[in-house]
Amino acid sequence: MSATRRVAIVTGGAGGIGRAIAARLQRDGLRVALWDLDARAAREAAAALPDGTAIGVHADVTDEASVAAALRTTLDRFGALHVLINGAGTTGPIAPVAECALDVWQRCIDVNLRSVFLCSRAAVAPMLAAGFGRIVNLASIAGKEGNPSMSAYSAAKAGVIAFTKSMGKELALTPVRVNCIAPAVIETPLLQQMTPDALAASLAKIPMQRPGTADEVANLAAWLASDECSFSCGATFDLSGGRATY
Ligand SMILES: NC(=O)c1ccc[n+]([C@@H]2O[C@H](COP(=O)([O-])OP(=O)(O)OC[C@H]3O[C@@H](n4cnc5c(N)ncnc54)[C@H](O)[C@@H]3O)[C@@H](O)[C@H]2O)c1
């Protein structure tokens, strides 16, 4: 199948980064299913794209049955699956470990990590059937460095990085490539979940002295979702304005 008839799922498709990636993939010729907990926002984001190229789908990516239902809706509409962007996420509790409530900590792990397992697991069979697959996970530099007072988020994103390495190797001899992106601060609504102090501390660590844009994430994601990404699997791609040094 030519690249222009491929089908992508973008989880967190109503969010800042997900929306930008969905728009970029659509411009590259893919048909896109925007999955989000906020179904109305997902449908609005899909409606902003040219007719017939995108759908908004309600999905709670922490829930196995919801993921299965959203996949059915996507396959019923577009007939195949080639690309999965795991973009749904939340910063979770911004508090010292000693003050973190278990349920809030666990929810952050579920939204950021369990979701990647559930969606990736569901995507493998249709990708193998299609003879092409690209899974792109949104990790974070927090998963490499550990942001203070963001233990759940940092641990979940470290889990996403390790999950990517494992699954990328596991599928290395198939046509499915699995990689992840580790952004530093990107200008999206997610930043409203951070305290001003935590945000200022993160921004201060960026040598380029600015946050990244969602379009800059979309540029890298589009390459990772394409045929051109042919010799990378299980890799973590930094997008940090110079902050990441390893
Ligand atoms: N913005 C940043 O600075 C930054 C930096 C590093 C990594 N990231 C990661 O990039 C990804 C996208 O972030 P963003 O900045 O676009 O955030 P955002 O808050 O703008 O969007 C996140 C989206 O995920 C959706 N979502 C949350 N829980 C969900 C669930 N259970 N099921 C389905 N959808 C759910 C939300 O409704 C929202 O639309 C996240 O994984 C985030 O951790 C962001």
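Definitions and limits used
Residues numbered from 1 in each chain as written. Predicted model: local features only at pLDDT ≥ 70, side-chain atom pairs only at ≥ 80, totals over all residues. Heavy atoms only, no water. UniProt positions renumbered as here; feature names shortened; annotations may be inferred. Helix = DSSP H or I, 4+ residues; strand = E, 2+ residues; numbered from the N terminus. Buried < 20%, exposed > 50% of the residue type's maximum accessible area, 1.4 Å probe, protein only. 1 Å grid on protein atoms, 1.4 Å probe; cavity = no way out; pocket = protein on both sides within 12 Å on 5 of 7 lines; lining within 4 Å. Points joined across faces, edges and corners; volume = space filled by probe spheres on them. Nonpolar A, V, L, I, M, F, W, Y, C, P; charged D, E, K, R; others polar. Phe/Tyr/Trp six-rings, centres within 6.5 Å; stacked < 30°, edge-to-face > 60°. Lys NZ or Arg CZ within 6 Å of the ring centre and 35° of its normal. Core = buried A, V, L, I, M, F, W, Y, C linked by side-chain atoms within 4.5 Å. Contact = heavy atoms within 4.5 Å. Pairing = 2+ DSSP bridges. Right-handed = clockwise from strand over helix to strand, strands pointing away. Near = heavy atom within 4 Å. Polar contact = N/O pair within 3.5 Å; in protein donor to acceptor, adjacent residues only side chain to side chain. Areas by Shrake-Rupley, 256 points an atom, 1.4 Å probe, with all protein chains shown as cover. Sits in = over half its atoms within 2 Å of the grid points.

Identification of the protein as SDR family NAD(P)-dependent oxidoreductase from Paraburkholderia azotifigens is taken from an unreviewed UniProt entry. A UniProt comment under Sequence similarities (unreviewed entry) is attached to the protein, and it reads "Belongs to the short-chain dehydrogenases/reductases (SDR) family."

Student: Would you explain the environment of Ser230 in this entry?
Tutor: Mapped onto the fold, Ser230 is located in the loop between α8 (214-224) and β7 (236-239). Classification of Ser230 as exposed rests on a relative accessible area of 52%. Considering only alpha carbons, one finds Ser230 and Arg177, 53 residues apart in sequence, at a separation of 7.6 Å.

Student: Can you walk me through the layout of surface pockets in this structure?
Tutor: The probe, sized like a water molecule, is rolled over the atoms to show the empty space still left. The volume enclosed by the largest pocket comes to roughly 790 Å³. Looking at the largest pocket, it is lined by 42 residues, and the ones nearest its centre are Gly87, Ala88, Gly89, Thr90 and Leu190. Sorting the residues of the lining of the largest pocket by element identifies α1 (16-27), β2 (31-36), α4 (102-130) and α6 (151-170) as the ones contributing at least two each. Here the lining of the largest pocket is built from residues that sort into 22 nonpolar, 15 polar and 5 charged.

Student: Just checking my understanding: could you explain the packing of aromatic side chains for this structure?
Tutor: The way to describe two aromatic rings as a pair is by their centre distance and the angle between their planes. Taken as a whole and judged by the stated rule, the model has 1 aromatic pair. Here the aromatic rings of Trp223 and Phe237 are separated by 6.0 Å at their centres, their planes lie at 65°, and the arrangement is edge-to-face. Linking Trp223 in helix α8 with Phe237 in strand β7, this pair joins segments that are 14 residues apart in sequence. One cation-aromatic arrangement involves Arg6 over Phe132; the distance from NZ or CZ to the ring centre is 3.5 Å. Geometry around Tyr246 places Lys144 over its ring, the cationic atom sitting 4.6 Å from the centre.

Student: Before we go on, may I ask you to explain the nonpolar core in this structure?
Tutor: Across soluble globular proteins, nonpolar side chains have a tendency to be buried as a group. One finds Ile21, Leu25, Leu34, Val83, Ile85 and Ile181 to be the most contacted residues of the largest nonpolar core, which totals 32 residues. When contributions to this core are tallied by element, the ones reaching two or more residues are β1 (7-11), α1, β2, α2 (39-47), β4 (83-86), β5 (133-138) and α8. Looking at this core, the element that brings in the most residues is α8, giving 7 residues. Here Ile21 is in contact with Val10, Ile85, Leu138, Val217, Ala218 and Ala221, once residues within four sequence places are set aside. One finds Trp35, Val61, Val67 and Val176 within the second-largest nonpolar core, a separate group that totals 25 residues.

Student: When you look at the pairing of β5 in this model, what are you seeing that I'm missing?
Tutor: Regular strands show a simple pattern: their side chains alternate between the two faces of the sheet. Judged by how many residues are buried, β5 sits mostly within the fold: 6 of 6 residues are covered. Of the two faces of β5, the one carrying Gly133, Ile135 and Asn137 and the one carrying Arg134, Val136 and Leu138 are both buried. In this sheet, β5 lies alongside β4 in parallel orientation, the contact comprising 4 bridges. Within β5, the position partnered with Ile85 by the bridge is Val136. The β-α-β motif built from β4, the intervening α4 and the parallel element β5 has right-handed crossover chirality. With 6 bridges connecting them, β5 and strand β6 (residues 176-183) associate as parallel partners. Following the sheet pairing, Ile135 is matched in β6 by Val178.

Student: Teacher, can you tell me more about the site of the ligand here?
Tutor: As a structural note, the neighbourhood of the ligand is formed by 30 residues, with Ile17, Asp36, Tyr153, Ile186 and Thr188 the closest of them. Residue Ile17 places a main-chain N or O atom 2.8 Å away from an oxygen atom belonging to the ligand. Separating an oxygen atom of the ligand from a side-chain N or O atom of Thr188 is a distance of 2.4 Å. Relative to its free-state accessible area of 820 Å², the ligand is covered by the protein chains to the extent of 91%. Judged by the proximity of its atoms to the pocket grid, the ligand belongs to the largest pocket. Those elements giving two or more residues to the shell around the ligand turn out to be α1, α4 and α6. Looking at the shell around the ligand, the element that brings in the most residues is α4, giving 3 residues.

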